[in-house]
Amino acid sequence: MDEDAGSMERIFNCGAGAIVTKSIGLEPREGYPNPTVIELEHGILNAMGLPNPGIGEFGDELKKLKKSKIPIIGSIFGANSKEFVELAKKMQSYGADALELNMSCPHAKGYGLEIGSDTELVRKITSKVKEATEIPVFVKISPNLMNIADIAKSAEKGNADGIVAINTVKAMKIDLELKMPVLANKIGGYSGKAIKPIGVRCVYDIYKNVNIPVIGVGGITTGEDALEYIMAGASAIQIGSAIYYRNLDAFKKICDEIEIWMRDHGYKNISELVGVAHT
Amino acid sequence: MNYPKVTKMIEGKKENSDVKTLLFEYPEKTHSGQFFMIWIPGVDEIPMSVSYITKNVKGITFRKVGDATKALFNLKEGDKIGIRGPYGNGFKFNGKKILFVGGGTGIAMMVSAVEQATKKNISATVILGAKSKKELFFEDRIKKCGAEVHITTDDGSQGHKGFATDLAEKLISKNKYDLVLTCGPEIMMKKLFEICGNIPFQASLERYMKCGIGICGQCTVGKGLRVCEEGPVFDGKTLKNIEDFGVFKRDAAGRKIRF
Ligand SMILES: Cc1cc2nc3c(=O)[nH]c(=O)nc-3n(C[C@H](O)[C@H](O)[C@H](O)COP(=O)(O)OP(=O)(O)OC[C@H]3O[C@@H](n4cnc5c(N)ncnc54)[C@H](O)[C@@H]3O)c2cc1C
Ligand SMILES: Cc1cc2nc3c(=O)[nH]c(=O)nc-3n(C[C@H](O)[C@H](O)[C@H](O)COP(=O)(O)O)c2cc1C
Ligand code: FES
C-alpha cells in the first residue's frame with residue numbers, strides 16, 4: 001500500500017510508527033502487466049515493476065498528509081545520482097521526514113539492484129543525496145548480493161544515516177499446467193515468512209560491519225519475528241507482507257507481542273535488545 | 001491459497017455483439033457482488049465479477065473493450081485460463097423489497113444478485129439501463145426469476161427513453177424500497193446515491209486492480225479503503241466519506257483520472 005495519502009493515514013492509524021512510501025521515480029510508470037502478485041506456499045511473489053504516479057503528482061498526496069503529522073519516509077528510485085538527487089530534493093520539499101534510497105528492487109531494468117550491486121555507485125549516490133538534503137537518508141539494500149556487507153559499508157562511506165535490509169529475494173514460480181512462469185515479468189521478488197531467516201542473516205552481517213543504525217525488514221509477521229531482527233542488530237523494523245497475513249491489525253498486534261515478550265523477560269527498554277545476538 | 005487455479009472454459013455464450021458469458025468449473029462458494037482475478041496466460045490478469053453461480057460452475061460476463069477482454073472473447077471451449085478468488089465482500093440483501101439498478105456492463109453482475117435475492121423471496125424491481133437496444137443483455141434471465149423489469153435506453157430504442165436514474169427517481173417517489181443496489185458507470189451510481197437520500201444503499205465500485213488481495217494498494221479509495229478487500233460493494237454510510245466516489249479513479253500508475 002502507501003501510494004496515496006488516504007492509505008498512509010489509515011496504516012498510521014493502525015499502529016505504524018512511521019510510513020515508508022511506495023518507491024517514487026521522476027516520471028509516471030504503470031509497472032508490469034498482471035499477474036504482478038501471487039501467493040506461494042510460504043510467501044508472496046511480486047513483480048509490480050515500480051508503478052508510481054511520478055514525483056510531481058505524488059507531491060500532492062504528501063502535502064495532503066503533512067497536516068496530520070505522520071512521520072513519512074519517502075522512498076525514491078532513480079537511474080543515476082542526478083535523478084536520485086532531484087527526487088530527494090523534491091521529497092524533502094514536500095515534507096518527507098527522511099529518505100529511503102531504493103537500490104534493491106530485484107526486477108526493474110536500469111534501477112534498483114542494478115545500481116545497488118556496485119559499491120562505488122552506492123557510495124556516490126548516497127553522498128550526493130546527503131550533500132543536497134538535510135533530512136536523514138537510509139539506503140535500502142538487497143539480499144541478492146554476495147557482497148552485502150561491502151554495499152552497506154559503501155553507503156556508510158557515503159554518509160548514510162542508516163541501512164534498510166532487506167528488499168525482496170529474486171525468485172520465480174512456474175505453473176505446471178501451463179508450463180510457464182506465472183508472473184508477466186517472469187522474475188519477481190519473494191517476500192513474507194519464507195525470507196525471514198535470509199533477512200535476519202543480512203541484518204546480522206550488516207550490523208557487524210557498520211556503525212550506523214540498521215532497519216530490519218523481510219518476513220516479519222509476529223512480535224517474535226521482530227525481536228529476532230532486533231537481536232540481530234535492527235534498531236527499527238518495517239512491515240510489508242504481514243498486512244496480507246494478519247490484515248491491517250498486524251502493526252498493533254506486532255507491537256503488543258513485542259511488549260508482552262519484553263515484560264515476560266524483564267526488559268523495559270527495547271534498545272537493551274538491539275544486537276544482543278552478537279555477544 | 002491465492003494462486004490461480006488453471007481450469008478449462010466449459011461453455012461460452014454470446015449475449016450480444018460485444019458481450020459474452022464464459023462458464024468454468026469452479027466449486028468455491030461465491031456470493032453475488034464478489035469477483036475473480038481471471039488470468040489469460042500471456043495476455044493479462046483482470047478482475048471480473050461473478051455473473052453466474054451454481055454449486056460447481058461459475059460464470060463471468062464481460063464487454064470486449066481491450067486486449068484482455070478481446071482475448072477472453074475469442075477463447076474456445078477447452079482453452080485454459082487461471083482463476084483466483086472469489087474476492088471482495090458482495091451484496092447484503094437487507095430487506096424485503098429491493099430496487100436493483102444496473103447500467104451498461106454493470107448489468108452483468110446485477111443479474112446474479114437478482115437471482116440470489118429472488119431465491120430468498122425478496123421482491124425485486126430491476127432497472128436495466130443501456131445506451132441502446134443492441135447493448136442490452138440478460139433481460140430474459142432477469143424476467144425468468146420473477147423480478148419486475150424496467151428497461152431504459154438513452155436513445156429510446158427499447159423501453160423508456162432516458163437514463164436509468166430518471167426512472168429510478170420516479171419509482172422511488174411512488175414505492176417504498178428497503179434497499180437500493182447498483183452497479184454501473186460511477187457517475188450514474190453517484191446520481192442515484194443522491195436521489196436515494198435516506199434509503200439504504202449499496203454500490204459496487206470498479207478500480208484498477210493488481211493483486212486483488214489487499215497488499216499492493218493499487219485499488220484504494222477514500223481513507224485507504226481497498227476496493228478488492230473492503231469492497232467492491234460499499235454502503236451509503238461509507239460512500240458518504242469516500243471523496244473519490246463519482247469524482248476520480250486512478251490508472252495503473254496511480255494517477256488520478258476524473259470521471
Ligand atoms: C471488481 C471489478 C469487477 C469487474 N467486473 C466486470 C464484469 O463483470 N464485466 C466486465 O465487462 N468488466 C468488469 N470489470 C472491468 C474489467 O476488469 C475491465 O474491463 C478489463 O480489465 C479491461 O481489460 P482489457 O485489457 O480488455 O482493456 P484495457 O484496454 O486494458 O482497458 C480498458 C479499461 O479497463 C480498465 N482495466 C484494465 N485493466 C484493469 C485491471 N487490472 N483492473 C481494473 N480495470 C482495468 C482500464 O482502466 C480501462 O479503463 C470489472 C472491474 C473490477 C475492478
Ligand atoms: C506488493 C509489494 C510491493 C513492494 N513495493 C516496494 C517498493 O515500491 N519499494 C521498495 O523498496 N520495496 C518494495 N517492496 C519490498 C518490501 O518493502 C519489503 O522489502 C519486502 O517485501 C520484504 O518485507 P516483507 O516480507 O515484510 O514484505 C514491495 C513488496 C511487495 C510485496
Ligand atoms: S488490487 Fe492490490 S490492494 Fe486491491
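For the structure itself, consult the block above.
Residues numbered from 1 in each chain as written. Chains lettered and ligands numbered in written order. Predicted model: local features only at pLDDT ≥ 70, side-chain atom pairs only at ≥ 80, totals over all residues. Heavy atoms only, no water.

**A word on the packing of aromatic side chains**
Residues and elements named next belong to chain B.
Logical step 1: What the rule picks out here adds up to 11 aromatic pairs over all chains.
Logical step 2: A ring pair is formed by Phe-24 and Phe-36, whose centres lie 6.0 Å apart and whose planes are at 80 degrees; its orientation type is edge-to-face. Taken as a pair, Phe-24 in strand β2 (residues 19-25) and Phe-36 in strand β3 (residues 35-40) lie far apart in primary sequence, 12 residues in all.
Logical step 3: By relative accessible area, Phe-36 is classed as buried at 0%. (Phe/Tyr/Trp six-rings, centres within 6.5 Å; stacked < 30°, edge-to-face > 60°. Helix = DSSP H or I, 4+ residues; strand = E, 2+ residues; numbered from the N terminus. Buried < 20%, exposed > 50% of the residue type's maximum accessible area, 1.4 Å probe, protein only.)

**Examining the environment of Ile81(B)**
Logical step 1: Of note, Ile81(B) is situated in strand β6 (residues 80-87).
Logical step 2: Taking the C-alpha atoms as reference points, Ile81(B) and Ile38(B), separated by 43 residues in sequence, lie 7.0 Å from one another.

**Here's the deal with the site of ligand 2**
All names here are of chain A.
Logical step 1: The environment of ligand 2 is formed by 17 residues, the closest being Ser-23, Lys-140, Gly-192, Gly-219 and Ser-241.
Logical step 2: In this structure, a nitrogen atom belonging to ligand 2 sits 2.6 Å away from a side-chain N or O atom of Ser-23.
Logical step 3: Within the backbone of Gly-192, an N or O atom sits 2.8 Å from an oxygen atom of ligand 2.
Logical step 4: When ligand 2 is considered free in solution it has 610 Å² of accessible area, and contact with the protein chains removes 88% of it.
Logical step 5: Along the lines of polarity and charge, the residues of the shell around ligand 2 split into 4 nonpolar, 11 polar and 2 charged. (Near = heavy atom within 4 Å. Polar contact = N/O pair within 3.5 Å; in protein donor to acceptor, adjacent residues only side chain to side chain. Areas by Shrake-Rupley, 256 points an atom, 1.4 Å probe, with all protein chains shown as cover. Nonpolar A, V, L, I, M, F, W, Y, C, P; charged D, E, K, R; others polar.)

**Brief notes about the sheet that holds strand β15 (residues 233-235) of chain B**
As a general point, the strands of a sheet are linked pairwise by backbone hydrogen bonds and lie either parallel or antiparallel.
All names here are of chain B.
Logical step 1: Within the open sheet, the 7 strands sit side by side as β10-β9-β8-β7-β11-β12-β15. Their pairing is mixed. Two strands lie at the open edges of the sheet, namely β10 (160-161) and β15, each paired on one side alone.
Logical step 2: Here strand β12 (residues 201-204) runs beside β15; their pairing, made up of 3 bridges, is antiparallel. By the bridge assignment for β15, Ala-203 is matched with Phe-234.
Logical step 3: The strands touched by helix α4 (residues 164-174) are β7 (97-103), β8 (123-130), β9 (148-153), β10 and β11 (179-183); relative to β8, the strand with the most contacts, the crossing angle is about 155 degrees.
Logical step 4: Contacting β7, β11 and β12, helix α5 (residues 186-196) runs over the sheet at an angle of about 170 degrees to β11. (Pairing = 2+ DSSP bridges. Contact = heavy atoms within 4.5 Å. Axes fitted to C-alpha atoms, helices over the stretch in contact; angles between N-to-C directions.)

**A short note on the sheet that holds strand β2 (residues 37-40) of chain A**
All names here are of chain A.
Logical step 1: Across the sheet, which stays open at both edges, the 4 strands sit in the order β2-β3-β11-β8 with antiparallel pairing between neighbours. In this open sheet, the two strands that pair with only one neighbour each are β2 and β8 (169-171). Pairwise comparison of adjacent strand axes, ignoring direction, gives a mean angle of 35 degrees for this sheet.
Logical step 2: Inspection of the sheet shows β8 paired to strand β11 (residues 188-191) by 3 bridges, in the antiparallel sense. Directly across from Val-169, in β11, lies its bridge partner Tyr-190.

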